[in-house]
Amino acid sequence: MDIGSTATKAVIFKDGRPVARWAMPTGVDQRRTAQECLDAAIATLPGLPGLRGIVCLVATGYGRSQVAGAQRAVTEITCHARGARMLVESARLVVDIGGQDSKVIRLDDNGMVADFIMNDKCAAGTGRFLEVMADRLGVPLSEFGRLWRRAREAAQISSTCTVFAESEVVSLLSRGVAREPIIRGLCDAVADRLVGMVRRVGLVHDVVMTGGVSQNEGMRLSLAKKLGAKVIVPEESQFAGAFGAAVIAWELAEADSRPGARACACAPCVRRFGR
Ligand code: ADP
């Protein structure tokens with residue numbers, strides 16, 4: 001399970017393969033949201049004997065300590081790295097943009113975390129920034145990609161601060177600038193921040209974009225343009241963290257059933273059990 005600041009996701013594995021997934025907004029009561037999300041995922045599998053059918057539960061994300069019954073809480077960095085690598089085998093750089101944070105993770109040849117950087121201090125460069133702007137423009141986020149493609153150029157958004165950028169958007173609208181170039185300018189502004197983070201960990205290929213914001217086609221286009229690189233968005237990109245948690249849970253369950261086997265390849269397990 002991935003209890004994000006904005007969305008909670010559950011992925012269930014059976015025989016080493018994903019068989020169910022569910023996502024819902026993270027409510028005020030994270031413990032309750034986690035339970036509801038897991039119940040909803042389980043309900044999609046009529047053959048599963050409810051919670052008793054879950055052999056091993058691993059939690060990640062901002063609210064990972066709030067998941068009742070979790071055998072282990074694992075960091076988002078480890079889970080996003082594992083999940084991205086599972087969704088795209090060739091992934092070497094993961095750009096994850098969530099509701100209230102963003103992270104860039106560089107992987108080594110074996111898919112292990114080589115370096116990472118995270119921004120969870122400021123809304124700029126996160127989904128929240130885009131949500132505020134979408135609201136101000138009266139355009140649903142799902143429309144950003146279509147309108148981005150219609151823009152001939154990007155409006156200049158010089159501030160990365162959400163509050164000041166919102167004032168800039170208001171000012172652009174009052175000067176009669178159309179929404180298309182504003183949307184492109186906003187996506188470029190978020191991408192600029194991400195590119196700064198990529199530079200700090202080093203650009204390697206393939207670049208994979210995950211997190212809910214990866215569903216925003218305008219963001220993928222801006223990031224690809226600013227990086228000068230192809231950016232892959234796997235189909236279930238928003239579930240990457242939950243996929244990573246499920247892979248680790250699967251490996252832990254396997255290790256439990258085969259005494260002596262190595263538990264999993266995440267950093268805490270490697271430290272505890274060796275390579
Ligand atoms: P977290 O794990 O940090 O809670 P997610 O990775 O699930 O967050 O991403 C949530 C963000 O993704 C929100 O800001 C939301 O607006 C954005 N998002 C989700 N779906 C879409 C979509 N279809 N198009 C654009 N943005 C989306």
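Just so we're clear, the structure is a prediction, and the values are computed from it rather than from any experiment.

Draft legend 1. Region of interest: the site of the ligand. As a matter of local geometry, the ligand sits amid 16 residues, with T6, A7, K9, E131 and Q238 nearest to it. Contact between the ligand and V213: an oxygen atom at 3.4 Å from a main-chain N or O atom of the residue. Q238 is positioned such that a nitrogen or oxygen atom in its side chain is 2.8 Å from an oxygen atom of the ligand. Protein burial of the ligand: of its 580 Å² of free accessible surface, 82% is covered by the chains. According to the grid-proximity analysis, the pocket containing the ligand is the largest pocket. Residue composition of the shell around the ligand, by class: three nonpolar, 11 polar and two charged.

Draft legend 2. Molecular detail of helix α6 (residues 179-201). With 23 residues, α6 ought to run about 33 Å at 1.5 Å a step, and its terminal C-alpha atoms sit 34 Å apart, in line with that. Just past α6, the residue G202 takes up positive phi, approximately 100°.

Draft legend 3. Looking closely at the pairing of strand β9 (residues 207-210). Side-chain alternation along β9 places V207 and M209 on one buried face and V208 and T210 on a second face that is also buried. Here four bridges tie strand β6 (residues 93-97) to β9, and the two strands are oriented parallel to one another. Paired with L93 across the strands is V207, a residue of β9. Note that β9 and strand β10 (residues 231-232) share two bridges and pair parallel. The residue of β10 that forms the bridge with V208 is I232. The parallel pair β9 and β10 is bridged by helix α7 (residues 217-227), and the resulting crossover is right-handed.

Draft legend 4. Looking closely at helix α3 (residues 127-137). Within α3, burial applies to G127, F129, L130, V132, M133, A134 and L137. Elements that come into contact with the buried residues of α3 comprise β6, α4 (144-150), α5 (162-174), α6 and α7. Just downstream of α3, G138 is the residue with a positive phi angle, here 70°.

Draft legend 5. Local environment of the nonpolar core. Membership of the largest hydrophobic core comes to 42 residues, with the highest contact counts inside it found for V95, V104, L186, L194, M219, L223 and L227. Within the residue set of this core, elements represented by two or more residues are β6, α3, α4, α5, α6, β9 and α7. No other element matches α6, which puts 12 residues into this core. Setting aside residues no more than four positions away along its own chain, V95 makes contact with K103, V104, L194, V198, V207, V208, M209, T210 and L223. Formed by 16 residues, the second largest nonpolar core is a distinct cluster that contains A20, A34, C37 and V67.

Draft legend 6. Spatial organisation of the sheet that holds strand β8 (residues 113-119). With mixed pairing, five strands are arranged side by side in an open sheet as β8-β7-β6-β9-β10. Bordering the open sheet on either side are β8 and β10, each of which pairs with just one other strand. Where β6 and strand β7 (residues 102-107) come together, five bridges link them in antiparallel fashion. Note that in β7 the partner of D96 across the bridge is K103.

Draft legend 7. A look at the sheet that holds strand β3 (residues 17-25). Read across the sheet, three strands follow the order β1-β2-β3 without closing on themselves; strand pairing throughout is antiparallel. Of all the strands in the sheet, the pair left with one neighbour each is β1 (2-3) and β3. Two elements, strand β2 (residues 7-14) and β3, share eight bridges in a ladder whose sense is antiparallel. If you follow F13 over to β3, its bridge partner there is P18.

Draft legend 8. A look at the layout of surface pockets. Approximately 570 Å³ is the volume found for the largest pocket. Elements supplying a minimum of two residues to the lining of the largest pocket: β2, α2 (76-87), β6 and α3. Of the residues assigned to the lining of the largest pocket, the class counts are seven nonpolar, 14 polar and eight charged. Here the second largest pocket is characterised by a volume of approximately 390 Å³.

Cut-offs and rules
Residues numbered from 1 in each chain as written. Predicted model: local features only at pLDDT ≥ 70, side-chain atom pairs only at ≥ 80, totals over all residues. Heavy atoms only, no water. Near = heavy atom within 4 Å. Polar contact = N/O pair within 3.5 Å; in protein donor to acceptor, adjacent residues only side chain to side chain. Areas by Shrake-Rupley, 256 points an atom, 1.4 Å probe, with all protein chains shown as cover. 1 Å grid on protein atoms, 1.4 Å probe; cavity = no way out; pocket = protein on both sides within 12 Å on 5 of 7 lines; lining within 4 Å. Sits in = over half its atoms within 2 Å of the grid points. Nonpolar A, V, L, I, M, F, W, Y, C, P; charged D, E, K, R; others polar. Helix = DSSP H or I, 4+ residues; strand = E, 2+ residues; numbered from the N terminus. Expected span 1.5 Å × (residues − 1). Buried < 20%, exposed > 50% of the residue type's maximum accessible area, 1.4 Å probe, protein only. Pairing = 2+ DSSP bridges. Right-handed = clockwise from strand over helix to strand, strands pointing away. Contact = heavy atoms within 4.5 Å. Core = buried A, V, L, I, M, F, W, Y, C linked by side-chain atoms within 4.5 Å. Points joined across faces, edges and corners; volume = space filled by probe spheres on them.

Coordinates in, geometry out; function isn't part of it.
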